[in-house]
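# Observations on the three-dimensional arrangement
Each chain, written out:
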Amino acid sequence: MTPAARTQAAIELLDAVIAAARGGGAAADTLIARYFATRRYAGSKDRRAVRELVYAAIRRAGEIPASGRAALLGVAAADAAIAATFDGSSHGPAPIAAGEGAAPGGVMPAWLADALAASGIGAEQQAALIGRAPLDVRVNRLLADPATLAERLGGTPIPGLPDALRLPAGTNIDTLAGQAEVQDAGSQIVSLAALAQPGERIVDLCAGGGGKTLALAAAMRNEGQILAADIDRGRLSRLAPRAARAGVTIVETRLLDPRRETEALADWQDAADCVLIDAPCSGTGTWRRNPEARWRLTPDRLAGFAAQQRHVLAVGAALVRPGGALVYITCSLLDAEGMDQVDAFLADHPGWTAAPLDLPAGTPRGKGYRLDPASDDTDGFFVARLTRPC
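Here the structure is a predicted model, which means the values were calculated and not measured.

Parameters at a glance
- Residues numbered from 1 in each chain as written.
- Predicted model: local features only at pLDDT ≥ 70, side-chain atom pairs only at ≥ 80, totals over all residues.
- Heavy atoms only, no water.
- Buried < 20%, exposed > 50% of the residue type's maximum accessible area, 1.4 Å probe, protein only.
- Helix = DSSP H or I, 4+ residues; strand = E, 2+ residues; numbered from the N terminus.
- Pairing = 2+ DSSP bridges.
- Domains from an automatic or database assignment.
- Contact = heavy atoms within 4.5 Å.
- Buried area = accessible area lost by both parts, 1.4 Å probe.
- Salt bridge = Lys/Arg side-chain N within 4 Å of Asp/Glu carboxyl O.
- Polar contact = N/O pair within 3.5 Å; in protein donor to acceptor, adjacent residues only side chain to side chain.
- Nonpolar A, V, L, I, M, F, W, Y, C, P; charged D, E, K, R; others polar.
- Phe/Tyr/Trp six-rings, centres within 6.5 Å; stacked < 30°, edge-to-face > 60°.
- Lys NZ or Arg CZ within 6 Å of the ring centre and 35° of its normal.

## Regarding the pairing of strand E1 (residues 135–139)
Burial analysis of E1 places 4 of its 5 residues in the buried class, the great majority of the element. Relative to strand E3 (residues 161–167), E1 is paired through 4 bridges, and the arrangement is antiparallel. When the sheet's bridge partners are listed, Asp136 is paired in E3 with Arg166. Taken together, the 3 bridges between E1 and strand E4 (residues 180–182) define a ladder with antiparallel strand orientation. What sits directly across from Val137, in E4, is Val182.

## Observations regarding the domain arrangement of the protein chain
Its domain assignment divides the protein chain into domain 1 (3–106), domain 2 (134–183) and domain 3 (188–388). The centre of domain 2, based on its C-alpha atoms, is set 23 Å off from the matching centre of domain 3. In this assembly, 16 residues from domain 2 lie in contact with 20 residues from domain 3. Here domain 2 meets domain 3 over a buried area of about 1,400 Å², counting both sides, of which 51% is carbon and sulfur. Put simply, domain 2 and domain 3 have 2 salt bridges between them. Glu181 is the partner of Arg242 in a salt bridge, and the nearest nitrogen-oxygen pair spans 2.6 Å. Inspection of the domain 2/domain 3 interface yields 5 residue pairs in polar contact (both at pLDDT 80 or more). Sort the elements by how many residues they give to the side of domain 2 that touches domain 3 and E3 lands first, with 4 residues. In terms of residue class, the side of domain 2 that touches domain 3 is built from 8 nonpolar, 4 polar and 4 charged.

## As for the packing of aromatic side chains
Counted by the stated rule, this structure contains 2 aromatic pairs. On the basis of an interplanar angle of 85° and a centroid distance of 5.2 Å, the ring pair of Tyr35 and Phe36 is categorised as edge-to-face. For Phe36, a relative accessible area of 7% gives the class buried. Positioned over the ring face of Tyr35 is Arg39, at 3.6 Å from the centre of the ring.

Laid out in structure tokens, this is it:
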């Protein structure tokens, strides 16, 4: 592909990303993969260059752009080499017209900036939310040794996380075959709040693809029982093969009906040593990986997430044994999804208390802990450990 053709491809992809953001369609990564699946002529350098252009334009535009061309014109305004590719060639974009407007720059929609500021996330922390994320992995001690993998892959240990490595960008991880899982350091840190021990019975209530499930299994040395449950069949279906590759044998998966979770989990009522809830949320802490997600969020969607969080907290609380714990996690920095949810839960559940946390990173926030990219060089998370009275 010529440089102009790469720019045109980026514009077409940005149009698709913008349409998906407005209509609730697929994520940018998915759209990029689909685009190149039907364009076999594009080599690896072409795909990488186009992807870089797309994400540069997404990160630059705080509000959703009018079009893919407008989004990329914003990048071109600060990069003469990109501007030169608007040359009107057969596979390139039309020349830039005099006075043609570019998408305004910014970090995020104004209402979100205000909501984050009210949650104690200032301008510097907000800007870090759309930076580039590092490549972190959790080494699976059931199959591998962190020091050995660090030497093999050129990874750097992450302080406070003996099983974590930060790898150079572009490291090929396809050959790890269960020896390590891609998992942000922040995700690994908040998982520590479960204090998982061998022989325990633990429920991962919103297990998704199982990243935290596998971290729990490793902490338990593959001894005990983990129930991994979710309402998303597609995501949950990925857990079993991942567990098999990781040598994990203590996990049972269970697909839940979103209207009948309590009934489906009746056999676990009052029985779990710990229930971990990685709750559905706005994902404000993961914008480094999914920067277009800030275009999708609205006040109504945020209210919907808050309602889901209250629901899963109530479902999870019923599963905790007397004296057991409920660990509440969101990959959000908004108090409405973190601190406020915990306060409301404790008000509704007399006798429950918030336990102190000893984590290798983060700062106290309300009755929990919060991590953010600017302060901790991790994705953004809120976590609290709530204990049921005996």
